[in-house]
Amino acid sequence: MQRMVRDKLFNLKNLVFLALAYLLLLIFDYYYFDDHGLQNRIDQSKERFETFDSNIQGLIFGGSNAMWGISAKKLSKETNIGFYNFSIHSNGFNYLNYFEYINSALSKQQKENTRYIIWSNIHPLDSPPYDDFSRQITGRLNSISHGLNLSLAQHIKNTFLSSSHKFIHDKDSGDFAEESFTCPVSDISILDTNLRDSIIDMTIDLQFHEEFKIEFDAYRDFYAQNFPNAKVFFVIPAAYSQIQIEKKILNRFILLSEEANYNLFISSPLQDLKYICDASHHPSILGREIRSAELSKLIINNI
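Residues numbered from 1 in each chain as written. Predicted model: local features only at pLDDT ≥ 70, side-chain atom pairs only at ≥ 80, totals over all residues. Heavy atoms only, no water.

Draft legend 1. Inspection of the overall build of the protein chain at higher detail. Counting its secondary structure elements, the protein chain contains 11 helices and nine strands. Partitioning the intrachain contacts of the protein chain with sequence separation of at least 6 by distance along the chain shows that 81% fall at a separation of at least 24. Accessible area for the protein chain stands at about 15,800 Å²; split by element, carbon and sulfur atoms hold 53% of it. (Helix = DSSP H or I, 4+ residues; strand = E, 2+ residues; numbered from the N terminus. Contact = heavy atoms within 4.5 Å. Areas by Shrake-Rupley, 256 points an atom, 1.4 Å probe, with all protein chains shown as cover.)

What follows is the structure, encoded as structure tokens:
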């Protein structure tokens, strides 16, 4: 009988210890979250547009495909239109976060000065879900009640076995800085053959899901309300391989774009590993030059 009581007390103590340990991990996970420099990127954009800049008439919106893949500097030089790159990792995790970021940085005057928007969206090449409304724009969960941002194993790995990779951006143009490009597909010094082979073998299909229609409508309303003078280029981004396109799927995107009065553009494949960084839709610095040159021609032909 006494042994059973001791065992119950021992189990209770263990449960209390585990509960306290998990609570401490939750607190550590939330308050010591590594945003990889995303908050600094947001603050830079706000500082960049503290005062109205009449030279900026073009804006680039999108997720990591536009971070790695589009250069506002190159577009500005080749089109004689000042561009700024507002792309951010994972499209801000959801479109409400992204809209709040853009609105916090741009004044009404700056928005009305915008004549061209490049909206480069990877979601037509991906399956839903596209938006995680449980997360802030930096990727951190909105509340401790949602659980851990990272597992204990991931925290140990990040703390002791690897260094944090920072997303660094050029303050003036918003472009992803060259020192942020770590390219295990095209850089022989850090070559990852498994990643390289998976990208070579990857099939990329144009997809149309109702979840994307919801997201598209949200962006359409946002652009209409905030950028009344802007022509929107709806860009499906480049990847390593040729996009597989069914005519009926393409027709849905064409109709969607025509109804919104957008210019739909499907980017050309990069098709050379030297143009790829660390994912099929993440160009290397050379690949960014290729993508940006193609978009410069698109803009020039539609001015």
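Draft legend 2. Here's a closer look at the side chain of R135. Along the chain, R135 falls in the loop between β3 (116-120) and α7 (152-161). A relative accessible area of 19% means that R135 is categorised as buried. In this structure the side chain of R135 is engaged in a polar contact, spanning 2.6 Å, whose partner is the backbone oxygen of G139. (Buried < 20%, exposed > 50% of the residue type's maximum accessible area, 1.4 Å probe, protein only. Polar contact = N/O pair within 3.5 Å; in protein donor to acceptor, adjacent residues only side chain to side chain.)

Draft legend 3. Inspection of the packing of aromatic side chains at higher detail. All told, the structure shown has 36 aromatic pairs when counted by the stated rule. Ring geometry for F99 versus F222: centroids 4.1 Å apart, planes at 5°, classification stacked. On the criterion of sequence distance, the pair formed by F99 in helix α5 (residues 95-105) and F222 in helix α9 (residues 210-226) is long-range, its members being 123 residues apart. Given the relative accessible area of 9%, F99 is considered buried. Look at F222 and you get buried, because its relative accessible area is 5%. (Phe/Tyr/Trp six-rings, centres within 6.5 Å; stacked < 30°, edge-to-face > 60°.)

Draft legend 4. Broad picture of the packing of helix α4 (residues 72-79) against helix α11 (residues 285-300). Their axes nearest at 9 Å, the elements α4 and α11 cross at an angle of 40°. Classified by the interaxial angle, the pair formed by α4 and α11 is oblique. Crossing angle aside, the handedness with which α4 passes α11 is right-handed. Contacts from K74, L75, E78 and T79 of α4 reach α11 at E289, S292, A293, S296, I299 and I300. (Axes fitted to C-alpha atoms, helices over the stretch in contact; angles between N-to-C directions. Parallel < 35°, antiparallel > 145°, perpendicular 65-115°, else oblique. Left-handed = near helix turned anticlockwise from the far one by under 90°.)

Draft legend 5. Representation of unusual backbone geometry within the structure. With an omega dihedral of 10°, the bond running from P128 to P129 counts as a cis peptide bond. Along the chain, P129 turns up in the loop between β3 and α7. Phi is positive for S90, which is not a glycine, with a value near 60°. Tracing the backbone through its elements, the reader meets S90 in the loop between β2 (82-85) and α5. Although it is not a glycine, Q271 sits at a positive phi angle of roughly 55°. Mapped onto the secondary structure, Q271 falls in the loop between β7 (263-266) and β8 (276-279).

Draft legend 6. Spotlight on the packing of α5 against α9. Contact geometry of α5 with α9 gives a least axis separation of 11 Å together with a crossing angle of 15°. Overall, the two elements α5 and α9 adopt an arrangement that is roughly parallel. Regarding α5 and α9, the two cross each other, and that crossing is right-handed. Facing α5, whose interface residues are Y95, Y98, F99, I102 and N103, α9 presents I214, E215, A218, Y219, F222 and N226. Within the contact of α5 with α9, the residues separate by chemical class into eight nonpolar, two polar and one charged. (Nonpolar A, V, L, I, M, F, W, Y, C, P; charged D, E, K, R; others polar.)

Draft legend 7. Representation of the state of the cysteines in the model. One pass over the structure, following the stated rule, counts one disulfide. There is a disulfide in this structure between C183 and C277, and the S-S distance comes to 2.2 Å. On the sign convention where negative is left-handed, the bridge of C183 and C277, at about -90° about the S-S bond, is left-handed. Taken together, the residues span a long stretch of sequence, with C183 in the loop between α7 and α8 (193-201) and C277 in strand β8 at a distance of 94 residues. (Disulfide = S-S within 2.5 Å.)

Draft legend 8. Quick look at α4. When we look at burial in α4, the residues that qualify are A72, K74, L75 and T79. Angularly, the buried residues of α4 cover 160° about the axis, an arc narrow enough to put them on a single face. Next to the buried residues of α4 lie β1 (56-62), β2, β3 and α11. Where α4 begins, the capping side chain belongs to S71, and its oxygen is found 3.4 Å from the backbone nitrogen of K73. In the segment just after α4, N80 is the residue with positive phi, at about 60°. (Arc of directions from axis to C-beta.)

Draft legend 9. Focus on the environment of F176. Within the element layout of this structure, F176 appears in the loop between α7 and α8. Here F176 is in contact with M67, W68, F167, I168, H169, F181 and R288, once residues within four sequence places are set aside.

Draft legend 10. Inspection of the nonpolar core at higher detail. Within the largest apolar cluster, 49 residues are counted, with the highest numbers of intra-cluster contacts made by F61, F86, W119, Y223 and F227. Among the secondary structure elements, those contributing two or more residues to this core are α2 (38-48), β1, α3 (64-69), α5, β3, α9, β5 (231-236) and α10 (247-260). With near-sequence residues (within four places) excluded, W119 lies in contact with F61, F216, Y219, Y223, V232, F233, F234, V235 and Y262. (Core = buried A, V, L, I, M, F, W, Y, C linked by side-chain atoms within 4.5 Å.)

Limitation: the analysis is restricted to geometry and does not speak to function.
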